[in-house]
Amino acid sequence: MDLRIFTEPQQGATYDTLLTVAKATEDLGFDAFFRSDHYLHMGGDGLPGPTDAWITLAGLARETKRIRLGTLMTAATFRLPGVLAIEVAQVDQMSGGRVELGIGAGWFEEEHKAYGIPFPKDKFSRLEEQLAIVTGLWETKPGDTFSYDGRHYQLENSPARAKPAQSRLPVLIGGFGASRTPKLAARYADEFNVPFGSIEDTERQFGRVRAAASEAGRSPDDLVYSNALVACVGANDAEVARRAAAIGREVDELKQNGLAGTPAEVVDRIGQFAAVGSQRIYFQILDLDDLDHLEMISSQVGSQLS
């Protein structure tokens, strides 16, 4: 079971805070540091303000040595696909080949309004075209050109540069869509992620993706299957309650919908997700100042799972 750290910096975090958490992620033996791609907070005041996902990851690429780096999920509405392909490839080069691209259609209309970003009605078809373009640019052989004539995007004789350092940069797709999302994952994804879903939802969605992969002539085992879940771990009930209060959540709700409780309880909960096919867990960490939380997860949860 791979264990990764996942942050939500739009809720209020400087680059320096994210760097501190990323270095702790590396030092404590986690597999990866991921962050959301949002520009507007969801609750609270969001101070000191947003940071850009790919600028952040570019900085972290130069400041870390081992951990994987990526997004859950980059919004397809934020960047043109040709620009996104260049940005991600460059950060991958800067990291020595440690980057993964999680990408989704985009959903938070208020942040688009707040920063003047168009919020189109037909977002899913744009995501489909973005995936075709980004992966197509990366897969184009040196010396060849890439063209694309889509409904939303057109590229003509692109030299298809820059290339990622990795021969195949992993692409993550996720969500709860019953039909189009599994088919898109079967075609483009290296990993499928269920965000904040129950065990029952996870099993159902993994099954849909595996079926879609088979229908597409691809082995379902080619994909990694993962979950992103809020974390609230404590040595005892009082510590769990303190950490829950710090992020404005209730313990009972966190235990039902996330990974909350003592290390033993969390290990058991992760085991339930593993039983339905989960291979990788993203611990959503909402209090980025509580580095002791990361240490506890590493030493008392991760040690049992390894």
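Criteria and thresholds
Residues numbered from 1 in each chain as written. Predicted model: local features only at pLDDT ≥ 70, side-chain atom pairs only at ≥ 80, totals over all residues. Heavy atoms only, no water. Helix = DSSP H or I, 4+ residues; strand = E, 2+ residues; numbered from the N terminus. Rg over C-alpha atoms; globule rule 2.2 N^0.38 Å. Buried < 20%, exposed > 50% of the residue type's maximum accessible area, 1.4 Å probe, protein only. Contact = heavy atoms within 4.5 Å. Core = buried A, V, L, I, M, F, W, Y, C linked by side-chain atoms within 4.5 Å. 1 Å grid on protein atoms, 1.4 Å probe; cavity = no way out; pocket = protein on both sides within 12 Å on 5 of 7 lines; lining within 4 Å. Points joined across faces, edges and corners; volume = space filled by probe spheres on them. Nonpolar A, V, L, I, M, F, W, Y, C, P; charged D, E, K, R; others polar. Pairing = 2+ DSSP bridges. Axes fitted to C-alpha atoms, helices over the stretch in contact; angles between N-to-C directions. Parallel < 35°, antiparallel > 145°, perpendicular 65-115°, else oblique. Left-handed = near helix turned anticlockwise from the far one by under 90°. Expected span 1.5 Å × (residues − 1). Bend = angle between axes of the 7 residues up to and from the residue.

## Topic: the overall build of the protein chain
Per the secondary structure count, the protein chain includes 11 helices and 12 strands. Computed over C-alpha atoms, the radius of gyration of the protein chain comes to 19 Å, within 12% of the 19 Å expected from 2.2 N^0.38 for 306 residues, which places it in the range of a compact globule. Along the first, second and third principal axes, the C-alpha atoms of the protein chain reach 60 × 45 × 35 Å. Per-residue burial over the protein chain gives 55% buried out of 306 residues. Considering only contacts within the protein chain whose residues lie at least 6 apart along the sequence, 73% involve residues at least 24 apart.

## Observations concerning the nonpolar core
Counting residues in hydrophobic clusters, the biggest one holds 73 residues, and the most contacted among them are Trp54, Trp138 and Phe283. Discounting chain neighbours no more than four positions away, the residues touching phenylalanine 283 are Leu3, Arg4, Ile5, Phe6, Leu229, Ala231, Leu259, Val266, Ile270, Ile297 and Val301.

## Looking at the layout of surface pockets
If you add up the space inside the largest pocket, you get close to 820 Å³. If you go around the largest pocket, you meet 38 residues; those closest to its centre are His38, Met73, Trp107, Pro195 and Phe196. Looking at the lining of the largest pocket, its residues break down into 19 nonpolar, 14 polar and five charged. In terms of lining, the second largest pocket is formed by 13 residues, of which the most central are Trp138, Glu139, Ser167, Arg168 and Leu169. Sorting the residues of the lining of the second largest pocket by element identifies α5 (123–139) and α6 (180–188) as the ones contributing at least two each.

## Observations concerning the pairing of strand β6 (residues 146–149)
Note on strand geometry: in a regular strand, side chains alternate between the two faces of the sheet. Taken together, the three bridges between β6 and strand β7 (residues 154–158) define a ladder with antiparallel strand orientation. Looking across to β7, one finds that phenylalanine 146 is bridged to serine 158. What sits between β6 and β7 in their antiparallel hairpin is a turn of four residues.

## Considering the packing of helix α10 (residues 263–275) against helix α11 (residues 291–305)
Where α10 contacts α11, the two axes come as close as 10 Å, and the packing angle between them is 45°. With respect to α11, the element α10 is oriented oblique. Between α10 and α11 lies a crossing of right-handed hand. On α11, the residues that touch Pro263, Val266, Val267 and Ile270 of α10 are Met296, Gln300, Val301, Gln304 and Leu305. Of the residues belonging to the contact of α10 with α11, the class tally is seven nonpolar, two polar and no charged.

## Side note on the packing of α6 against helix α7 (residues 199–215)
At a minimum axis distance of 8 Å, the contact between α6 and α7 shows a crossing angle of 55°. Overall, the two elements α6 and α7 adopt an arrangement that is oblique. For the crossing formed where α6 meets α7, the hand is right-handed. Residues Pro182, Lys183, Ala185 and Ala186 of α6 form the contact with α7, whose participating residues are Gln205, Arg208, Val209, Ala212 and Ala213. Class assignment of the residues belonging to the contact of α6 with α7 gives a composition of six nonpolar, one polar and two charged.

## A word on the environment of alanine 211
Relative to the assigned elements, alanine 211 resides in helix α7. Here alanine 211 falls in the partly exposed class, since its relative accessible area comes to 35%. Separated by 92 residues in sequence, alanine 211 and phenylalanine 119 place their C-alpha atoms 32 Å apart.

## Description of α11
When the terminal C-alpha atoms of α11 are compared, their 20 Å separation across 15 residues agrees well with the 21 Å that a helix rising 1.5 Å per residue should span. In the structure, α11 departs most strongly from a straight axis at serine 298, where the bend amounts to approximately 30°. When we look at burial in α11, the residues that qualify are His293, Leu294, Met296, Ile297, Ser298, Val301 and Gly302.

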